[in-house]
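These are the residues of each chain, in order.
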Amino acid sequence: MTKKKTGLLATLWQYRVAYAYIAPFYILFATFTLFPMVAGFALSFFRWDGLGAMHFIKFENYVNLLNDPLFWKALKNTLFMGLIAHIPILLGGLVLAYLLNSKLVKGQNIFKTIYFMPMVTSSVAISIIFSNMFGYNYGLINWFLGLFGEEPINWLAGDGSLIPVAVIILFAWKWIGWNMVIYLAGMQGISNDIYEAAEIDGANHTQIIFRILIPLLKPIILFTMIQSTIGMFNLFTEPFMLTGSNLNGGTNNGGLTLMMYLLGKAPQGGTAYGYASAVAYVITMMIILVSILLNRVMSDTDPEERRLLKEQKKMRKERRKA
């Protein structure tokens, strides 16, 4: 009786046909995703202009980055614009989804299309329209303010302090529909039996929202918050177009974001590829840390929330059997 071979090579050979089918994905992933990630991280420890010799400089790129006032200016702008914009994006999307799910609004499909339309429209086209709206001499907003006797406001220039306001308005208007659709899908996945049971137990409308709806939407809210974090740190197109395609963020760097700062180093505004790689990995670490923090905060559920989640899973299984 021959002894069956065990080990990694034996397992690979035993399931060679299955591995052959999934190999193309892993080959493409390793070539176009994993390798660039590793190479980019290694590049952050070098000084390289894209053509000449590479010089190993250890942590010099990271030290220069942390000592650059412009980096901190970009970080401050990014956090300010991202955090303020995501208040209406997340809360507004939740409110709109609740209204559409509550059957209080007629013609729901029309409203879904209207609110989601900015999401599928080109960011460049939207930014050009908003640039005209915020224009100093012929902008629609200044024209409207003029009706009340107000002086025109230099939104996109001046001292640069109002550039973030224009970016926030544009960014929030564009993305609120995306979160509305996600929240609406989550609400429609909650069984009506849970609401009916709560009403029988004497729960009022406010208690149903904050003790049932919000806890059951926690995983989806966490998903949208992590997505918003990624979007915040990758904010580029809107401020770039509003400031006249200026990688410096306009007057006094008022619209400068981390992504504009990165691309200003390489490849669009310069050839400091090693430095740009260091910036990219600092942004990546920020996203990871904020995502972990959000996950820790949102995952702390009380016994009542765990009971609701178990009850919802049970009802889903019963509906499938039926």
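Residues numbered from 1 in each chain as written. Predicted model: local features only at pLDDT ≥ 70, side-chain atom pairs only at ≥ 80, totals over all residues. Heavy atoms only, no water.

Draft legend 1. Main features of the overall build of the chain. For the chain, the count of helices and strands is 15 helices and two strands. For the chain, the spread of C-alpha atoms along the principal axes amounts to about 80 × 65 × 35 Å. Here the chain, with 322 residues, has 36% of them falling under the buried criterion. In the chain, of all internal contacts separated by at least 6 residues, the share reaching a separation of at least 24 is 68%. Both charge centroids of the chain, one from 26 positive and one from 17 negative side chains, sit 15 Å from each other. (Helix = DSSP H or I, 4+ residues; strand = E, 2+ residues; numbered from the N terminus. Buried < 20%, exposed > 50% of the residue type's maximum accessible area, 1.4 Å probe, protein only. Contact = heavy atoms within 4.5 Å. Lys, Arg positive; Asp, Glu negative; His and termini not counted. Charge placed at Lys NZ, Arg CZ, Asp CG, Glu CD.)

Draft legend 2. Examining the nonpolar core more closely. Phe233, Leu258, Tyr261 and Ile283 are the most contacted members of the largest nonpolar core, which totals 28 residues. Within the residue set of this core, elements represented by two or more residues are helix 3 (60–66), helix 4 (69–101), helix 11 (218–233), helix 12 (237–242), helix 13 (258–265) and helix 14 (273–298). Element by element, the count of residues in this core is highest for helix 14, at eight residues. Every residue in contact with isoleucine 283, bar those within four places of it in the chain, is listed here: Phe233, Leu258, Met259 and Leu262. Leu90, Ile176, Ile221 and Met298 belong to the second-largest nonpolar core, a separate cluster that totals 23 residues. (Core = buried A, V, L, I, M, F, W, Y, C linked by side-chain atoms within 4.5 Å.)

Draft legend 3. Main features of the packing of aromatic side chains. Across all of its chains, the model carries 18 aromatic pairs by this definition. Arranged with centres 5.0 Å apart and planes meeting at 75°, the rings of phenylalanine 25 and tyrosine 26 form a pair that is edge-to-face. Here the aromatic cluster, defined as three or more aromatic residues joined through ring pairs, consists of Phe41, Phe45, Phe59, Tyr62 and Tyr281. If you follow arginine 16 out to its NZ or CZ, it ends over the ring of tryptophan 13, 4.1 Å from the centre. Of note, lysine 174 hangs over the ring of tryptophan 175, and the distance from its end group to the ring centre comes to 5.7 Å. (Phe/Tyr/Trp six-rings, centres within 6.5 Å; stacked < 30°, edge-to-face > 60°. Lys NZ or Arg CZ within 6 Å of the ring centre and 35° of its normal.)

Draft legend 4. Geometry of the confidence of the model for the chain. Looking at the chain as a whole, the pLDDT averages 87, with 91% of positions reaching at least 70. When mean pLDDT is compared element by element in the chain, helix 3 scores highest at 94, while helix 15 (residues 303–321) scores lowest at 66. (pLDDT = per-residue confidence, 0-100.)

Draft legend 5. Summary view of the packing of helix 4 against helix 11. As a packed pair, helix 4 and helix 11 sit with axes 9 Å apart at the nearest point and diverge in direction by 145°. Between helix 4 and helix 11 lies a crossing whose hand is right-handed. Contacts from Leu75, Thr78, Leu79, Gly82, Leu83, His86 and Leu90 of helix 4 reach helix 11 at Thr224, Met225, Ser228, Met232 and Phe233. In the contact of helix 4 with helix 11, the residues fall into seven nonpolar, five polar and no charged. (Axes fitted to C-alpha atoms, helices over the stretch in contact; angles between N-to-C directions. Left-handed = near helix turned anticlockwise from the far one by under 90°. Nonpolar A, V, L, I, M, F, W, Y, C, P; charged D, E, K, R; others polar.)

Draft legend 6. Structural context of helix 8 (residues 163–188). With 26 residues, helix 8 ought to run about 38 Å at 1.5 Å a step, and its terminal C-alpha atoms sit 38 Å apart, in line with that. By the largest-angle criterion, tryptophan 175 marks the main kink of helix 8, which is about 35°. (Expected span 1.5 Å × (residues − 1). Bend = angle between axes of the 7 residues up to and from the residue.)

Draft legend 7. Main features of the pattern of salt bridges. Going through the model one piece at a time under the given rule, you end up with one salt bridge. Between arginine 47 and glutamate 60 there is a salt bridge whose closest N-O contact spans 2.8 Å. Placement of arginine 47 in strand 1 (residues 46–47) and of glutamate 60 in helix 3 is noted, with a sequence separation of 13 residues between them. On the basis of relative accessible area, arginine 47 is assigned to the partly exposed category, the value being 43%. (Salt bridge = Lys/Arg side-chain N within 4 Å of Asp/Glu carboxyl O.)

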